[in-house]
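Topology and contacts: notes
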Amino acid sequence: MLSNPNLKSENYADAVANQLRKRIQNREIRVGIIGLGYVGLPLAIRFSEEGFKTIGLDIDTEKIDKLNRGESYIRHIDLKKINNTVKNGFTATNKFNEIANVDVILICVPTPLGPHNEPDLSYIHETLYSIRPYLRENQLLILESTTYPGTTAEEIVPFVESITTESQVPNSDSRFIVGENFFIGYSPEREDPGNKHYTTRTIPKVVSGFTPNCLEIAQTLYDQVVDTTVPVSSPRVAEMTKILENIHRAVNIGLVNELKMVSAKMDIDIYEVINAAATKPFGFAPYYPGPGLGGHCIPIDPFYLAWKAKELGMETRFIELAGEINTSMPNYVIQKVNEALNNSGKSVNGSRILILGLAYKKNVDDLRESPSLELMESLIDMGADVQYCDPYFHKVPSTRKHQFELSAMPMNEKTLKSADLVLLATDHDDFDYSLILAKAKMIVDTRGRFEHSPKVIKA
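Residues numbered from 1 in each chain as written. Predicted model: local features only at pLDDT ≥ 70, side-chain atom pairs only at ≥ 80, totals over all residues. Heavy atoms only, no water.

This paragraph deals with the pattern of salt bridges. By the definition in use, this model includes 27 salt bridges. Between Lys-310 and Glu-320 there is a salt bridge, and its shortest N-O distance comes to 2.6 Å. Within this pair, whereas Lys-310 is found in helix H10 (residues 301-311), its partner Glu-320 is found in helix H11 (residues 317-343), the two being separated by ten residues in sequence. Exposure remark for Glu-320: the relative accessible area of 22% places this residue in the partly exposed category. Notably, a salt bridge pairs Lys-362 with Asp-429, separated by 3.8 Å at the nearest N-O pair. You can see Lys-362 sitting in the loop between strand S9 (352-356) and helix H12 (371-381) and its partner Asp-429 sitting in the loop between strand S11 (421-424) and helix H14 (433-439), a full 67 residues away along the chain. (Salt bridge = Lys/Arg side-chain N within 4 Å of Asp/Glu carboxyl O. Helix = DSSP H or I, 4+ residues; strand = E, 2+ residues; numbered from the N terminus. Buried < 20%, exposed > 50% of the residue type's maximum accessible area, 1.4 Å probe, protein only.)

Moving on to the sheet that holds S11. Pairing in this open sheet of five strands is parallel, and the strands run S10-S9-S11-S12-S13 from one edge to the other. Single-partner strands in this sheet number two, and they are strand S10 (385-389) and strand S13 (456-458). Averaged over all adjacent pairs, the angle separating strand axes in this sheet is 25 degrees, with direction ignored. Seen against the sheet, H11 touches S9, S11, strand S12 (443-445) and S13 and runs at an angle of roughly 160 degrees to S11. Sitting on the sheet, H12 is in contact with S9, S10 and S11, with an inclination near 175 degrees to S9. (Pairing = 2+ DSSP bridges. Axes fitted to C-alpha atoms, helices over the stretch in contact; angles between N-to-C directions. Contact = heavy atoms within 4.5 Å.)

What follows concerns a nonpolar patch on the surface. A surface patch of nonpolar side chains, about 340 Å² in accessible area, is lined by Val-262, Met-266, Ile-268 and Val-273. Structurally, Val-273 is set in helix H9 (residues 270-277). (Patch = residues over 30% accessible without salt bridge, like charges linked within 9 Å, V, L, I, M, F, W, Y side chains within 5 Å. Areas by Shrake-Rupley, 256 points an atom, 1.4 Å probe, with all protein chains shown as cover.)

Once that is clear, we can look at the confidence of the model for the chain. Of the residues in the chain, 96% reach a pLDDT of 70 or more, and the chain-wide mean stands at 92. Ignoring residues within four places in sequence, the model shows residues 1-7, a span with pLDDT below 50, making 13 contacts including any to other chains. (pLDDT = per-residue confidence, 0-100.)

A separate point is empty space enclosed by the protein. According to the stated counting rule, one finds one cavity of 30 Å³ or more in the structure shown. If you add up the space inside the largest cavity, you get close to 90 Å³. Considering the residues around the largest cavity, the lining is formed by Val-39, Leu-43, Glu-144, Glu-189, Arg-190, Glu-191, Thr-199, Thr-200, Ile-203, Pro-204 and Lys-205. (1 Å grid on protein atoms, 1.4 Å probe; cavity = no way out; pocket = protein on both sides within 12 Å on 5 of 7 lines; lining within 4 Å. Points joined across faces, edges and corners; volume = space filled by probe spheres on them.)

The structure is reproduced here in structure tokens:
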């Protein structure tokens, strides 16, 4: 441990920072990752692959037990990678006192919305209080959770600097001093579950630090595990970057969702329009409509900025309008289901409706904010006999908003023929679309997977 009362504080801080950077480059540090979900687990695997001693912390004992047995609970993550990570010395635990034994802390916990679309930072706050007794000098703490601009500076830094410690910084007041004897950064996650073209290693990583020393250490850390780091001037810039990325998608998806409804009134296939427009080699990027937004980022992140803007007395009209359109899409789908059944002399009440796909997007076992659950709940409330097929879910897992006692039906001729209507909500590649088209009585297609057919209704 560095300690020299003759050094000025600035020189001391630089010396501590350089020592930590060298230890990172030499793989002499231990990394602790809090939150072993779709962000934290790939990070744990990546650090382990690069030879870092890594420990994972989570409050979910089922996850912990599976990981320590070398099992995966996220389908798109290769089981071999889990096994290799465990063989390399990775362990998972719910004992937060292990934080005292790590040099780097990465926080990858959820940041959902509250009941009024306000930011819910409770998982971050609970994490901070859980690790508070075990923080020590010369550690690096990085938040990866998506949040509003200002969170790192307004929440993380004051919390850490309020901690009294056995300080070895000359002339200090026995507290952590960020940038001198403790280091804080922000690096927003950019995971895309199920995307086979980009990995944790190949996706460029935006990196920031609260002070120049914090930035240098954080960049050094990520330089060891990703191909490209993108340093920015402050955590606020990094936080805003992540928000912008997802607002860009949310607004454009809201646009095509609105155009889908207009096109339907004009008897125009919006998917054909989008695919034709996508042939333009400049000035256009294709976005596709659906039954609503899902996943942790796009349905949530725009509201974080909208909330922060209101604090500043500003209105974010584009963001809020896109949010309204995207949030209304499940209702539009229900309307299409109702119209389709009415045209065949049936009502939703009493009809058997088979929902294809529960995940928020295809080929993943991720239910976060999935519009399929909204559709399922609405149809059940309307009196429908709802069944579902999804190769990724044998039963419908409980979520914060939804609880269903349903098990998956087999995808076969009998299941399809027994349904009055088949609702394609998530277009997994595992589905046999030829079988579905041949055997279903009626199909409401929210993903543009089927060609024109008398039995297919686009929604």
